[in-house]
Amino acid sequence: TIDVYEYRGDIRTAGDAPLRSINLTIAARGLAALERVGLKEAVLAKSTPIYARMIHKMDGTLQELPYGNANQCIYSISRVLMNQVLLDAAERHPNVTLHFHHKLQEYHHTDTRAIFRKPDGTTLTREFAVAVGTDGSYSKTRQSFLKSNEFNYEQEYIDSLYLELVMPTTPEGHSKMAVNYLHVWPRGDFMLMGLPNLDKSWTMTLFGPRSVYESFRTEKDVMSTFEKYFKDAIPLIGKEKIIESCVKATGYPMVTVKCSPHVLESTVLLGDAAHAMVPFYGEGMNCGFGDCLVLDNLINEQGSLDAALPLYSAARAEDTRAMCDLAKYNYEVLRDRCNSPTFQVRKGLDNVLHKLVPSVWVPLYSSIRFENKLSYKECWKNKQWQDEVIDTVLKGIVLFLVLQLFRLC
């Protein structure tokens, strides 16, 4: 039997209860895991395809930057809808029992013993044959691992906070922006980002340093920032909603967590409990689903979960560490570089080369989001090789032009 303990209530009966969260994006690695358990189509039915970034420039003009080829896309879905699909699927299995409003207070990996606080305030102590810790960035399960001298752990908060806003639909129920895009207002140290929801509204997220939020003391402070940097977003979100969301807002932190091993005794860490990452690649959920896929492959190869667990960390820890670094790298791309002509030329060149020699030249974003062939670590190495090739070619072109100039002189 499988018992699932969740400290929140059942989101399916709580309606659209707000979860403080940036929208989820689903890509190739997540889709592969969902397909394995027969949920791919159910999730896609509640998702919106995203084919490109739409860059909102300071002067209000728009620029489309495709992610890859014309038919390549990622998918946006609200965390509420994703949870509903997964919970429904879990509950269909007669050997699975869901326990809501059970908050994990203590965990001891040496004897796989957990102590939960129940809804009535009493505690429940359980011991498990195998425990799977998927309790997020601030994992209580992982805290138990810190007592072991076999366990290595590091965390880092980035210098930016985030704040969620909502862009409503038009009175007729239509979207206020072109739907199949990730809309980005890159402004150097900070940015505004929008992902579409199934009901045609938008989840908007403001990312910026603490100083931005500290300056939001009055309505005037907030609106002067939006007037200067996000002017075209004001009529879309609505002045009142912006003020309501931003005045005296503190913003929420974003943390990167790296650790190893992911398995001690009979306890395994999956998802953010093992590798929390900042949300700028939109790969956190896909990476967590990828954990499940890797573990399932090992179980099939070894014949049992007991035989698979000792091999899991070696197969996954180093790769998820690489993805945490890639997520931080993509923050620089989104908030600043995607506005750069150099980045845009490189992105276009990547896409052209990928069309010409798809088996040889796969851009970094495509190798992570549209394929599941390379590990995250291999994707990064592939980009470094491509950078060296392009740098060499560009230096050759510059040298050729200089030589031609000397000849003319």
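Predicted model only: the values in this text are computed from it and were never measured.

A.B. asks: I'd like a description of the sheet that holds strand E18 (residues 267-269), backed by residues and values.
C.D. replies: Here 3 strands make up an open sheet; going across it, the order is E11-E18-E17 and the pairing mixed. Looking at which strands have only one partner, the edges of the open sheet turn out to be strand E11 (131-133) and strand E17 (263-264).

A.B. asks: Quick rundown of the pairing of strand E9 (residues 113-117)? Include the residues and the values.
C.D. replies: Sheet topology places strand E8 (residues 103-108) next to E9; 5 bridges connect them, and they run antiparallel. Paired with Leu104 across the strands is Phe116, a residue of E9. Connecting the antiparallel pair E8 and E9 is a turn made up of 4 residues, with Thr112 showing a positive phi of about 45°. Relative to strand E10 (residues 123-127), E9 is paired through 5 bridges, and the arrangement is antiparallel. Bridging from a neighbouring strand, Phe116 pairs with Leu124 of E10. Adjacent in sequence and paired antiparallel, E9 and E10 are bridged by 5 residues, among which Gly121 carries a positive phi angle near 95°.

A.B. asks: A description of the sheet that holds E8 should follow, citing residues and the corresponding values.
C.D. replies: As summarised here, the arrangement of the 3 strands in space is E8-E9-E10, forming an open sheet in which the pairing is antiparallel. Both edges of this open sheet fall to E8 and E10, since each of them pairs with a single strand only. Put simply, the sheet's adjacent strands are angled 20° from each other on average, direction ignored.

A.B. asks: So what about the pattern of salt bridges? Which residues, and what values?
C.D. replies: Across all of its chains, the model carries 15 salt bridges by this definition. A salt bridge links Arg126 to Asp3; the nearest nitrogen and oxygen atoms lie 3.6 Å apart. One end of the pair, Arg126, is in strand E10; the other, Asp3, is in strand E1 (residues 2-5), and 123 residues separate them in sequence. By relative accessible area, Arg126 is classed as partly exposed at 26%.

A.B. asks: Explain unusual backbone geometry to me, using residue names and the numbers behind them.
C.D. replies: Going from Ser260 to Pro261, the amide bond is cis rather than trans, its omega being -5°. For Pro261, the location among the structural elements is in the loop between strand E16 (252-260) and E17. One non-glycine residue, Thr112, lies in the positive phi region at around 45°. Considering the arrangement of structural elements, one finds Thr112 in the loop between E8 and E9. The phi dihedral of Glu265 is positive, around 55°, even though this residue is not glycine.

A.B. asks: Describe the packing of helix H10 (residues 284-302) against helix H11 (residues 305-335), with residues and values.
C.D. replies: Relative orientation and spacing of two packed helices are given, respectively, by the angle between their axes and the distance between those axes. At a closest axis distance of 9 Å, the pairing of H10 and H11 adopts a crossing angle of 145°. The handedness of the crossing between H10 and H11 is right-handed. Across from Cys287, Gly290, Asp291, Val294, Leu295, Leu298, Ile299 and Gln302 in H10, the residues of H11 making contact are Leu305, Ala307, Ala308, Leu309, Leu311, Tyr312, Ala315, Arg316, Thr320 and Met323. Its residues assigned to classes, the contact of H10 with H11 comprises 13 nonpolar, 3 polar and 2 charged.

A.B. asks: Give a description of the packing of aromatic side chains that names residues and reports values.
C.D. replies: What describes a pair of aromatic rings is the distance from one ring centre to the other and the angle between the planes of the rings. For the structure on display, the rule yields 17 aromatic pairs. Ring centres of Tyr5 and Phe116 lie 4.1 Å apart, and the angle between their planes is 15°; this geometry places the pair in the stacked category. One end of the pair, Tyr5, is in strand E1; the other, Phe116, is in strand E9, with 111 residues separating them in the sequence. The exposure classification of Tyr5 matches that of Phe116, with both residues buried. Ring centres of Tyr229 and Phe230 lie 6.4 Å apart, and the angle between their planes is 50°; this geometry places the pair in the tilted category. We classify Tyr229 as partly exposed; its relative accessible area is 23%.

A.B. asks: Account for the side chain of Thr141, with residues named and values stated.
C.D. replies: In this structure, Thr141 sits in helix H4 (residues 140-145). With residues near it in sequence (within four places) discarded, Thr141 still touches Leu104, Tyr107, Gly133, Asp135, Thr267 and Leu269.

A.B. asks: Which residues make up the side chain of Ser139, and what are the values?
C.D. replies: Relative to the helices and strands, Ser139 resides in the loop between E11 and H4. Residues in contact with Ser139, not counting those within four places in the same chain, are Leu269 and Ala273.

A.B. asks: Explain the packing of helix H6 (residues 219-229) against helix H8 (residues 239-246) to me, using residue names and the numbers behind them.
C.D. replies: Interhelical geometry of H6 versus H8 gives an angle of 120° and a closest axis separation of 10 Å. Both H6 and H8 take part in a crossing whose hand is right-handed. On H8, the residues touching Glu219, Val222, Met223 and Phe226 of H6 are Lys239, Ile242, Ile243 and Cys246. Residue classes in the contact of H6 with H8 are distributed as 6 nonpolar, no polar and 2 charged.

A.B. asks: Before we move on, could you go through H8 and cite the residues and values that matter?
C.D. replies: Within H8, the full set of buried residues consists of Ile242, Ile243 and Cys246. Axial view of H8: buried residues confined to an arc of 95°, hence all on one face. Away from the buried face of H8 by more than 90 degrees, exposed residues Glu240 and Glu244 are located. In this structure, the buried residues of H8 make contact with strand E12 (152-167), H6 and helix H7 (234-237).

Conventions and cut-offs
Residues numbered from 1 in each chain as written. Predicted model: local features only at pLDDT ≥ 70, side-chain atom pairs only at ≥ 80, totals over all residues. Heavy atoms only, no water. Pairing = 2+ DSSP bridges. Helix = DSSP H or I, 4+ residues; strand = E, 2+ residues; numbered from the N terminus. Axes fitted to C-alpha atoms, helices over the stretch in contact; angles between N-to-C directions. Salt bridge = Lys/Arg side-chain N within 4 Å of Asp/Glu carboxyl O. Buried < 20%, exposed > 50% of the residue type's maximum accessible area, 1.4 Å probe, protein only. Left-handed = near helix turned anticlockwise from the far one by under 90°. Contact = heavy atoms within 4.5 Å. Nonpolar A, V, L, I, M, F, W, Y, C, P; charged D, E, K, R; others polar. Phe/Tyr/Trp six-rings, centres within 6.5 Å; stacked < 30°, edge-to-face > 60°. Arc of directions from axis to C-beta.

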